[in-house]
Amino acid sequence: MNIDSIQNGYVIDHIHAGRSMELYRYLKLDQLDCSVAIIKNVKSQRMGKKDIIKIDQLISVDWEMLGYIDPDVTVNVIKDGKRVEKKQLEMPDQVINVMKCKNPRCITQTEQELDQIFFLADREKRVYRCHYCETAYKRG
Amino acid sequence: MPRHLLNITDLSMEEIDELMDQADDIMKTPEKYQDCMRHKKLATLFFEPSTRTRLSFEAAMMELGGNVLGFSEASSSSATKGESVCDTVRTVACYADIIAMRHPKEGAPMAAASVCPVPIINAGDGGHNHPTQTLTDLLTIRKEKGRLNQLVVGLCGDLQFGRTVHSLMSAMCRYKSIRFVLISPKELSVPEYLRENLQRDKVSFTEVERLEDVIGTLDILYMTRVQRERFFNEADYVRLKDSYILDTEKMAMARKDLCVMHPLPRVNEISRSVDSDPRACYFKQMLYGKFIREALLMKLLEVKA
């Protein structure tokens with residue numbers, strides 16, 4: 001499968017297989033006019049299978065939040081056809097208005113327009129907890 | 001930014017010691033403090049019923065010479081018209097110097113504190129936290145046992161939704177040589193985040209289902225009520241409500257210096273026959289609650305005697 005190399009943009013590599021669409025939605029890539037390639041289930045020595053996203057434009061991205069969605073990804077910044085930077089992402093200490101608390105007893109279920117704030121409770125186990133009720137956030 | 005009390009860990013161990021010393025002094029010489037809150041107002045916003053917490057807060061403020069306003073049920077506030085918690089406290093902050101708030105939703109006092117220009121005290125938020133009960137509990141333990149370290153603390157009953165248990169564990173984790181014995185049915189065991197905190201802080205704990213098996217090893221037995229209001233399913237409540245009943249037979253297996261505590265109200269988890277046992281400390285615990293709340297009000301309003 002051939003996908004053209006990009007001139008100015010990003011190659012988001014080492015995405016967990018199956019998670020590329022989540023990143024696609026978060027980065028609002030559907031709203032871009034430039035070329036965007038999503039490559040799924042690429043063979044990887046390290047991960048077995050991985051996804052890759054290529055974006056042919058240097059868009060503004062909140063990399064911290066991307067670190068929340070998938071902290072294992074690497075971001076290659078491409079300028080004039082060459083890689084000029086390789087970013088390793090980290091899980092942010094706090095995430096605001098990205099996910100919602102699922103505890104039915106939490107104040108965020110009833111209080112209008114309250115920010116949904118989560119803090120990183122355990123970096124090793126990748127656990128985020130609600131700032132208000134301390135319930136762990138579970139994906140899915 | 002005003003100083004709030006939302007979680008017991010908002011206070012350092014030194015500050016808790018100071019509060020307990022202050023409470024002791026208020027107990028000994030109440031006349032010294034009788035006017036220190038003159039012209040100050042406490043608002044008690046209770047969106048959920050309470051007897052001890054609300055009345056002890058109000059009595060505390062009155063004994064310090066201050067005044068009290070507020071409501072004791074959500075139905076008598078604009079919450080019934082759909083007013084948000086944040087707007088309610090913005091309003092009340094115009095009329096009071098400090099707010100004690102109880103709410104059935106977890107984290108409600110924290111949400112309120114984010115917009116409130118006066119100190120907010122969490123007087124219980126759903127099944128989450130109850131830091132002023134913990135201050136009461138710590139003062140009780142210090143007075144009855146003479147120390148807050150080197151203790152085997154049994155927590156019995158509803159450990160899942162028991163906010164007093166959650167706050168007490170968070171507080172006692174910080175003292176040396178504490179061992180927790182967590183006694184509950186599996187369905188009502190402590191929330192995962194507390195178990196993780198115990199493991200992280202390397203605090204010794206065991207989880208068991210039978211009180212009889214461990215009561216003889218305890219320095220403190222903290223009983224709790226299985227709370228009907230925390231269940232979405234009545235059948236689950238009925239199945240679990242009588243899991244533990246402390247009676248004279250079980251007390252006979254306990255040590256002579258055991259201290260039995262309960263945040264109250266109780267339903268049937270402590271038999272009335274235990275009340276006359278000198279090891280029953282739960283009525284003294286209520287009294288201590290008023291003095292420690294006096295000390296807390298003074299601290300948050302930066303008032304001296």
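K.L.:
Kindly report on the side chain of B:E294, identifying the contributing residues and their values.
P.N.:
All names here are of chain B. Here E294 is to be found in helix α10 (residues 282-300). K290 provides the closest opposite charge to the buried, salt-bridge-free E294, at an N-O distance of 4.8 Å. Excluding residues within four positions of it along the chain, E294 makes contact with I26, A60, E63 and L64.

K.L.:
Describe the nonpolar core, listing the residues and the values that go with them.
P.N.:
By size, the foremost hydrophobic cluster in this structure holds 61 residues, and its most contacted members are B:L155, B:M172, B:F180 and B:L297. Built from parts of two domains, this core gets at least three residues from each of domain 1 (8-128 + 289-300) and domain 2 (131-285) of chain B. Once you skip the residues sitting within four places of it in the chain, B:L297 turns out to touch B:M37, B:L42, B:F57, B:A60, B:M61, B:L64, B:I98 and B:I121. Core analysis: the second largest hydrophobic core is formed by 53 residues, A:L23, A:I59, B:F71 and B:I99 among them.

K.L.:
Could you give an account of the interface of chain A and chain B, naming the residues involved and the relevant values?
P.N.:
Each side of the interface is counted separately: chain A has 15 residues, and chain B has 21 residues. Together chain A and chain B conceal approximately 1600 Å² of surface at their shared face, both sides included; 50% is due to carbon and sulfur atoms. Counting across the chain A and chain B interface gives 2 salt bridges. Between A:R129 and B:E196 there is a salt bridge whose closest N-O contact spans 2.9 Å. Taken together, the connections running from chain A to chain B amount to 8 residue pairs in polar contact (both at pLDDT 80 or more). Among the residues forming the side of chain A that touches chain B, the class breakdown is 6 nonpolar, 4 polar and 5 charged.

K.L.:
Any chance you could break down the domain arrangement of chain A for me, citing the residues and the numbers?
P.N.:
A common way to report how large an interface is uses the accessible area buried once the components associate. Residues and elements named next belong to chain A. If you check the domain split of chain A, you get domain 1 (9-88) and domain 2 (94-138). Relative to domain 2, the C-alpha centre of domain 1 lies at a distance of 26 Å. Every contact between the two is made by 5 residues of domain 1 and, on the other side, 7 residues of domain 2. Carbon and sulfur atoms supply 67% of the area buried between domain 1 and domain 2, which totals about 510 Å² over both sides. Contact with domain 2 buries area across many residues of domain 1, yet M65, Y68 and P71 alone supply 79% of it, more than any other trio.

K.L.:
How would you explain the pairing of strand β4 (residues 120-125) of chain B if you had to name every residue and give the values?
P.N.:
Residues and elements named next belong to chain B. With 6 of 6 residues buried, β4 lies mostly within the body of the structure. As paired strands, strand β3 (residues 98-103) and β4 are joined by 4 bridges and run parallel to one another. For A100, the partnering residue across the bridge sits in β4 and is I121. Taken together, β3, helix α4 (residues 108-113) and β4 form a β-α-β motif whose crossover is right-handed.

K.L.:
Lay out the domain arrangement of chain B in plain terms, naming residues and giving numbers.
P.N.:
Residues and elements named next belong to chain B. Partitioning chain B into domains gives domain 1 (8-128 + 289-300) and domain 2 (131-285). Placing a centre on the C-alpha atoms of domain 1 and another on those of domain 2 gives a separation of 25 Å. Facing 29 residues of domain 1, the contacting portion of domain 2 comprises 26 residues. Taken together, both faces of the contact between domain 1 and domain 2 bury some 2300 Å²; the carbon and sulfur share is 57%. The largest share of the area that domain 1 buries against domain 2 comes from I8, M13 and M20, three residues that together contribute 27% of it. Taken together, the elements giving at least two residues each to the side of domain 1 that touches domain 2 come down to α1 (13-28), α2 (52-63), β4 and α10. A total of 9 residues in the side of domain 1 that touches domain 2 trace back to one element, the largest contributor, which is α1. Taken together, the residues of the side of domain 1 that touches domain 2 break down into 12 nonpolar, 9 polar and 8 charged.

K.L.:
An account of the packing of aromatic side chains is needed here, citing residue identities and associated values.
P.N.:
How two aromatic rings sit relative to each other is set out by the distance from centre to centre and by the angle between their planes. Inspection of every chain in the model, using the stated rule, returns 5 aromatic pairs over all chains. Ring geometry for A:Y68 and A:Y128: centres 5.1 Å apart, planes at 85 degrees, overall edge-to-face. Of this pair, A:Y68 sits in helix α2 (residues 63-69) while A:Y128 sits in strand β8 (residues 127-130), and the two are 60 residues apart along the sequence. The residues A:Y68 and A:Y128 share a single accessibility class, namely buried. With centroids separated by 5.6 Å and ring planes inclined at 75 degrees, the aromatic side chains of A:F118 and A:Y137 adopt a geometry described as edge-to-face. Remark: A:Y137 occurs in the segment after β8 and A:F118 occurs in strand β7 (residues 117-122); sequence separation between them is 19 residues. On the accessibility criterion, A:Y137 (22% relative accessible area) is partly exposed. Taking the ring centre of B:F57 as reference, the NZ or CZ of B:R293 above it sits at 5.1 Å.

K.L.:
Give a detailed account of the sheet that holds strand β2 (residues 36-44) of chain A, specifying residues and quantitative values.
P.N.:
All names here are of chain A. Strand order across the open sheet formed by 5 strands is β2-β3-β1-β4-β5, with antiparallel pairing between neighbours. Among the strands making up the open sheet, the edge pair consists of β2 and β5 (82-88). On average, each strand axis in the sheet is inclined to that of its neighbour by 20 degrees, with strand direction left out of account.

K.L.:
Account for helix α3 (residues 85-92) of chain B, with residues named and values stated.
P.N.:
Residue and element names in this part refer to chain B. Looking only at α3, the buried set comprises V85, C86, T88, V89 and V92. Around the axis of α3, the buried residues are gathered within 160 degrees of arc, so they sit on the same side. Looking at the buried residues of α3, the elements they touch are β1 (41-46), β2 (67-71), β3, α4 and β4.

K.L.:
Tell me about the sheet that holds β8(A), and please be specific about residues and values.
P.N.:
Residues and elements named next belong to chain A. Judged by pairing direction, the sheet is antiparallel, and its 3 strands sit side by side in the order β6-β7-β8 without closing on themselves. Strands at the two margins of the open sheet, each flanked by one partner only, are β6 (94-96) and β8. Averaged over all adjacent pairs, the angle separating strand axes in this sheet is 35 degrees, with direction ignored. Bridge count for β7 against β8 is 4 bridges, and the pairing is antiparallel. Paired with L120 across the strands is Y128, a residue of β8.

Calculation rules
- Within every chain, residues take consecutive numbers counted from 1 along the sequence as written.
- Chain letters and ligand numbers both follow the written order, the letters beginning at A and the numbers at 1.
- Owing to the predicted nature of the model, reporting of local features is limited to residues with pLDDT of at least 70; listing and counting of side-chain atom pairs is limited to 80 or more, with chain, interface and lining totals taken over all residues.
- Side-chain figures throughout are based on the complete set of non-hydrogen atoms in the structure, without hydrogens or water.
- Counting from the N terminus, the helices are the DSSP runs of H or I reaching at least four residues and the strands are the DSSP runs of E reaching at least two.
- The buried label applies to any residue whose accessible area, calculated with a 1.4 Å probe on protein chains only, is under 20% of its type's maximum; exposed applies above 50%, and partly exposed to all values in between.
- Positive charges come from Lys and Arg alone, negative charges from Asp and Glu alone, with His and the N- and C-terminal ends not counted.
- A side-chain nitrogen of Lys or Arg and a carboxyl oxygen of Asp or Glu constitute a salt bridge if their distance falls within 4 Å.
- For this analysis, residues touch if any pair of their heavy atoms sits within 4.5 Å.
- Nine residue types can take part in a nonpolar core, namely buried Ala, Val, Leu, Ile, Met, Phe, Trp, Tyr and Cys, and a core is a set of them joined through side-chain atoms within 4.5 Å.
- How far each domain reaches was decided by an automatic or database domain assignment.
- Once two parts are brought into contact, the accessible area they lose, counted with a 1.4 Å probe and summed over both, makes up the buried area.
- We define a polar contact as two N or O atoms separated by no more than 3.5 Å, with the added condition that, inside protein, one atom must be a possible hydrogen donor and the other a possible acceptor, whereas residues neighbouring each other in sequence contribute only through side-chain atom pairs.
- Amino acids outside the nonpolar list (Ala, Val, Leu, Ile, Met, Phe, Trp, Tyr, Cys, Pro) and the charged list (Asp, Glu, Lys, Arg) are all regarded as polar, and Gly is one of them.
- Strands pair, by our definition, only if DSSP identifies at least two bridges between them.
- A crossover counts as right-handed when, viewed with the strands pointing away from the observer, the path leading from the first strand over the helix to the second turns clockwise.
- Here the aromatic set is Phe, Tyr and Trp, taking the six-membered ring for Trp, and pairing holds for ring centres within 6.5 Å; pairs whose planes are under 30 degrees apart are stacked, those over 60 apart are edge-to-face, and all others are tilted.
- Criterion for a charge above a ring: Lys NZ or Arg CZ within 6 Å of the ring centre, and within 35 degrees of the ring normal.
- Axis definition: a line fitted to C-alpha atoms, limited for helices to the stretch in contact. Angles are taken between N-to-C directions and run from 0 to 180 degrees.
- The directions from the helix axis to the C-beta atoms form the arc being described.

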